[in-house]
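# Structural features, examined
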Amino acid sequence: MAKQTFSTLETFLIFLLLMMTAITVALLSLLFITTGTIENHKDSGLPATQGPTVTKGTSTAMTSTPVTSTPVTSTPVTSTPAPTLFTNFTGYHIGVGRADCTGQVADINLMGYGKKGQNARGLLTRLFSRAFVLAEPDGSNRMVFVSIDIGMVSQRMRLEVLKRLQSKYGSLYRRDNVILSGIHTHSGPAGFFQYTVFVIASEGFSNRTFEHMVTGIMKSIEVAHTNLKPGKLFINKGNVDGAQINRSPFSYLQNPQSERARYSSNTDKEMTVLKMVDLNGDELGLISWFAIHPVSMNNTNHLVNSDNMGYASYLFEQEKNKGYLPGQGPFVAAFASSNLGDVSSNTRGPHCINTGESCDNANSTCPIGGSTTCIAMGPGQDMLDSTQIIGRTMYQAAKELYASASQEVTGPLISAHQWVNMTNVTVSLNSTHTAKTCKPALGYSFAAGTTDGFGSLNFTQGTTESNPFWDTIRDQILGKPSEEIKECHKPKPVLIHTGELSKPHPWHPDIVDVQIITLGSLAIAAIPGEFTTMSGRRFREAVKAEFATYGMQNMTVVISGLCNVYTHYITTYEEYQVQRYEAASTIYGPHTLSAYIQLFRVLAKAIATDTVANLSSGPEPPFFKELIIPLIPNIVDRPPMGKNFGDVLQPPNPKYRVGEVVEVTFVGANPKNSAENRTHQTFLTVEKYESISTTWQIVHNDASWETRFNWHKGLLGRSNATIEWHIPDTAQPGIYRIRYFGHNRKQDFLKPAVILPFESTSSTFEVVTT
């Protein structure tokens, strides 16, 4: 590869950027506060989302009860006994639950692309935690699987959920039988991590968002636990076409040709659906596992949303929960992640945005602009259209598999789990040779990003040699990496030696979870990261063979991705050699996949031989009590002179046709306040007047994909909120209005800040058909 050169201007700008980064890291390192005082507000709880449709009449103003922002300590929860279970049946007890876990939708980075300035400025759709509790007829063995509309599960989040489950349910739900899995949306809020790399990417730890997410996860589990009833499980599998491509085909081609010849595609097209019904055949829910990156919403997006996976859940739940608002109703549909590491939903592939030529090459670069002009696009006219096209494709496939599912899942429920220090695993390569995993490190190509979202500096994928310029900058700011870590990671040129950095806290996890739960012939493997396509294939094959060796034949092994703790990517050894983004982000070195296969085979053997009780728990991971606070301060909200919060600045037009967009702008307040005071559970409603009952019926809330909540931040605490309703073809003609619900921060002199709810209503408008 030609040596990179920089102009005088580029060098000067890079120097300024690095100095700013160094100062930011230094300041962040000094800004510690304890978790007991990090924006830790009293939790008012979240409602169950399985309630009935709201058909409320003309609303009256809610009482403006102040909620202080004074930190409080959490109250211990007494242990809750399990409900009495009916045991005389074949099948499983099944409980499903859903709860909001959105967190703050302003003044926080979005987690996924790592793009500076991609902060949240409103809401496209709410994020949900979807929980499934399954238990054997006598209740002795059970499990919890939770699919969460977030980028990934952080270790801190899992540890806190396990702590609260233990406090509420005793030993019923534990580290071995609870799986938390993120769908990997790149449009959810950041700020819920404890390791420094992710804290810096999040620009601090937000206890406001962390608490909201943990509370939502807990609420979804509580609803599922309460709703347990006898039922049956059915499994089905089938291919999904037109939803994905491999974004690193050059890496995939490094795998042996004989291995590649066994597969018809360079992505895993198979979707696995687990159908849940009660003993009367009434539908309860489903879990679908499919390998796809939810990156239809690109790095120019600023609205919190669940991307294509969330849209598939939305469509399925709306289909099954007729008459309920989005996010409500008894049926719960989770579209969970799998081995999506090198799989993109941008199906038109990468092209040079300035010439239109393909840039699907080894380095993903264009002749003009390099990697910054090589961008992959989805199938739609814009990113929202692409999101809905891909989401609908997955929904249609899952719908067909669900409808035809006839293979019942029966058999014992067994769970196995260990904590493992991934920085020092000895891997048996063959009968005579061993290797070891490494302390974590990120390679040069990590900074290049991908064709789904490129990096901000002059890095390219496929870099296998270090650059003296960047090495010197790194050494001055972070210190030199040891020869040991550089040697261990070869051929990766180490850009950031995270495993040797410990201030203010370790930059990457050493201790990770490995976990398998089996339901009869179904094995769910909880993977703490992102397997590439071929990594997932090798893993499933090895674990299935291990089960078979010890008498459990014909097991279906499902990879559930982004579980329990995040450790970036896991490529094959061969893919690692060419150091594209996924390989540079394989933080434990070239033998990471072999280590995971070896560790999960231990769990499979223990399950098959009934020796799970003999497994050691392993070294317990840390839970840091001091974390870096966000740099964005909490300031008092102020309306313009002569205005009040909620006043209408731009009213709707008198009349609209189906397909048009209604826009109403209000005097707003910072929506992050709504993650503290939860008097209102939505930022907006679209309501239709019913003349017969003379009431206003809610037809959309902010979980609807037809609405947008846009927040416009001004100066000195002033802001506006613009609500959009994209009128669907299904809208009935009639009289409508839009309502806005917010919370403003107020602070009188020498008094603590309080969060006050407010609400407002637009003038009415008419919707007519074309």
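Residues numbered from 1 in each chain as written. Predicted model: local features only at pLDDT ≥ 70, side-chain atom pairs only at ≥ 80, totals over all residues. Heavy atoms only, no water.

Turning to the overall build of the protein chain, a few remarks are in order. Summing up its helical and strand segments, the protein chain has 14 helices and 41 strands in all. Relative to its full complement of 770 residues, the protein chain shows a buried share of 59%. Of the contacts formed within the protein chain by residues at least 6 apart in sequence, a portion of 79% connects residues at least 24 apart. By element, 53% of the accessible surface of the protein chain is carried by carbon and sulfur atoms, the whole surface being about 29700 Å². (Helix = DSSP H or I, 4+ residues; strand = E, 2+ residues; numbered from the N terminus. Buried < 20%, exposed > 50% of the residue type's maximum accessible area, 1.4 Å probe, protein only. Contact = heavy atoms within 4.5 Å. Areas by Shrake-Rupley, 256 points an atom, 1.4 Å probe, with all protein chains shown as cover.)

Across its 14 residues, helix 7 (residues 307–320) extends 20 Å between first and last C-alpha, which sits within 8% of the 20 Å expected from 1.5 Å per residue. Most of helix 7 sits inside the fold, with 11 of its 14 residues counted as buried. Taken residue by residue, helix 7 has Asp 307, Asn 308, Met 309, Gly 310, Tyr 311, Ala 312, Ser 313, Tyr 314, Leu 315, Phe 316 and Glu 317 as its buried positions. In this fold, the buried residues of helix 7 make contact with strand 3 (92–100), strand 6 (128–135), strand 13 (283–289), strand 14 (332–336) and helix 8 (383–404). (Expected span 1.5 Å × (residues − 1).)

Compared with the 21 Å implied by 1.5 Å per residue over 15 residues, the 21 Å span of helix 2 (residues 155–169) between its first and last C-alpha is a close match. Across the 15 residues that make up helix 2, a large majority, 11, are buried. Among all positions of helix 2, only Gln 155, Arg 156, Met 157, Arg 158, Leu 159, Glu 160, Val 161, Leu 162, Leu 165, Lys 168 and Tyr 169 are buried. As for helix 2, its buried residues are in contact with strand 8 (178–182), helix 4 (207–226), strand 19 (413–421), strand 26 (511–519) and strand 31 (626–628). In the segment just after helix 2, Gly 170 is the residue with positive phi, at about 70°.

Moving on, we come to the state of the cysteines. A full pass over the atoms with the stated rule returns three disulfides. What pairs with Cys 359 in a disulfide is Cys 374, and their sulfur atoms sit 2.1 Å apart. The sign of the S-S torsion, about 95°, decides the handedness of the disulfide formed by Cys 359 and Cys 374: right-handed. With Cys 359 in the loop between strand 16 (349–352) and strand 17 (374–377) and Cys 374 in strand 17, the pair connects residues that are 15 residues apart, well separated along the chain. The two residues Cys 359 and Cys 374 agree in class, both being buried. In this model Cys 438 forms its disulfide with Cys 488; the gap between the sulfur atoms is 2.0 Å. (Disulfide = S-S within 2.5 Å.)

Bringing the confidence of the model for the protein chain into the picture now. Looking at the protein chain as a whole, its pLDDT mean stands at 90, while 89% of the residues score no less than 70. For residues 1–10, every residue scores under 50 in pLDDT, and the model assigns this stretch 14 contacts once sequence neighbours within four places are set aside. (pLDDT = per-residue confidence, 0-100.)

Moving on to the pairing of strand 38 (residues 719–726). Extensive coverage of strand 38 is indicated by the burial of six of its eight residues. Two elements, strand 34 (residues 661–667) and strand 38, share seven bridges in a ladder whose sense is antiparallel. Bridged to Val 661 within strand 38 is His 726. Here seven bridges tie strand 37 (residues 707–713) to strand 38, and the two strands are oriented antiparallel to one another. Within the sheet, the bridge partner assigned to Phe 709 lies in strand 38 and is Ile 723. Here strand 37 hands over to strand 38 after five residues, with Leu 716 in that stretch at a positive phi of 55°. (Pairing = 2+ DSSP bridges.)

This paragraph deals with the sheet that holds strand 9 (residues 188–189). Strand order in the open sheet made by the seven strands is 9-4-5-37-38-34-32, with antiparallel pairing throughout. This sheet does not close on itself; its edge strands, each paired only once, are strand 9 and strand 32 (648–650).

Within this structure, the stated rule accounts for 32 salt bridges. Between Arg 247 and Asp 452 there is a salt bridge, with its nearest N and O atoms 2.9 Å apart. One end of the pair, Arg 247, is in the loop between strand 11 (245–246) and helix 5 (249–252); the other, Asp 452, is in the loop between strand 23 (449–450) and strand 24 (453–454), with 205 residues separating them in the sequence. Each member of the pair, Arg 247 together with Asp 452, is buried. Each of Arg 98, Arg 130, Asp 149 and Glu 317 takes part in a single network of salt bridges with overlapping partners. (Salt bridge = Lys/Arg side-chain N within 4 Å of Asp/Glu carboxyl O.)

Put simply, helix 2 and helix 4 touch, their axes get as near as 10 Å, and they point 45° apart. Considering their axes alone, helix 2 and helix 4 lie oblique with respect to each other. Between helix 2 and helix 4 lies a crossing of right-handed hand. Within the contact between the two elements, helix 2 uses Arg 156, Met 157, Glu 160, Val 161, Arg 164, Leu 165, Lys 168 and Tyr 169 and helix 4 uses Phe 210, Glu 211, Met 213, Val 214, Thr 215, Ile 217, Met 218, Ile 221, Glu 222 and His 225. When the residues that make up the contact of helix 2 with helix 4 are grouped by side-chain class, the tally is 10 nonpolar, two polar and six charged. (Axes fitted to C-alpha atoms, helices over the stretch in contact; angles between N-to-C directions. Parallel < 35°, antiparallel > 145°, perpendicular 65-115°, else oblique. Left-handed = near helix turned anticlockwise from the far one by under 90°. Nonpolar A, V, L, I, M, F, W, Y, C, P; charged D, E, K, R; others polar.)

So, about the packing of aromatic side chains. One pass over the structure, following the stated rule, counts 34 aromatic pairs. Relative to Trp 705, the ring of Tyr 311 has its centre 4.9 Å away and its plane inclined at 70°; by these criteria the two rings are edge-to-face. Pair noted here: Tyr 311 is in helix 7 and Trp 705 is in the loop between strand 36 (695–701) and strand 37, with a separation of 394 residues, a long-range link. In this structure Tyr 311 comes out as buried when scored by relative accessible area, which is 6%. The exposure class of Trp 705 is buried, given its relative accessible area of 3%. The ring of Trp 419 has Arg 175 sitting right over it, with the charged end atom 5.1 Å from the ring centre. Taking NZ or CZ as reference, Arg 537 lies 4.0 Å from the ring centre of Tyr 263, over its face. (Phe/Tyr/Trp six-rings, centres within 6.5 Å; stacked < 30°, edge-to-face > 60°. Lys NZ or Arg CZ within 6 Å of the ring centre and 35° of its normal.)

We now examine the packing of helix 7 against helix 8. Following both chains from N to C, one finds helix 7 and helix 8 inclined at 50°, their axes separated by 8 Å at the closest point. One element, helix 7, and the other, helix 8, form an angle in the oblique class. For helix 7 against helix 8, the interelement crossing comes out right-handed. In contact with Asp 307, Asn 308, Met 309, Tyr 311, Ala 312, Leu 315, Phe 316, Glu 319 and Lys 320 of helix 7, helix 8 contributes Thr 387, Gln 388, Ile 390, Gly 391, Arg 392, Met 394, Tyr 395, Ala 398, Lys 399 and Tyr 402.

This next bit is on the sheet that holds strand 19. Here four strands make up an open sheet; going across it, the order is 19-26-27-29 and the pairing mixed. With one partner strand each, in any of the chains shown, strand 19 and strand 29 (556–560) form the two edges of the open sheet. Strand-to-strand twist in this sheet, taken as the mean axis angle between neighbours without regard to direction, amounts to 15°. Where helix 11 (residues 533–549) meets the sheet, its contacts fall on strand 26, strand 27 (522–526) and strand 29, and the angle it forms with strand 29 comes to roughly 140°. Running over the sheet, helix 14 (residues 592–608) touches strand 19, strand 26 and strand 27 and is turned about 40° from strand 26.

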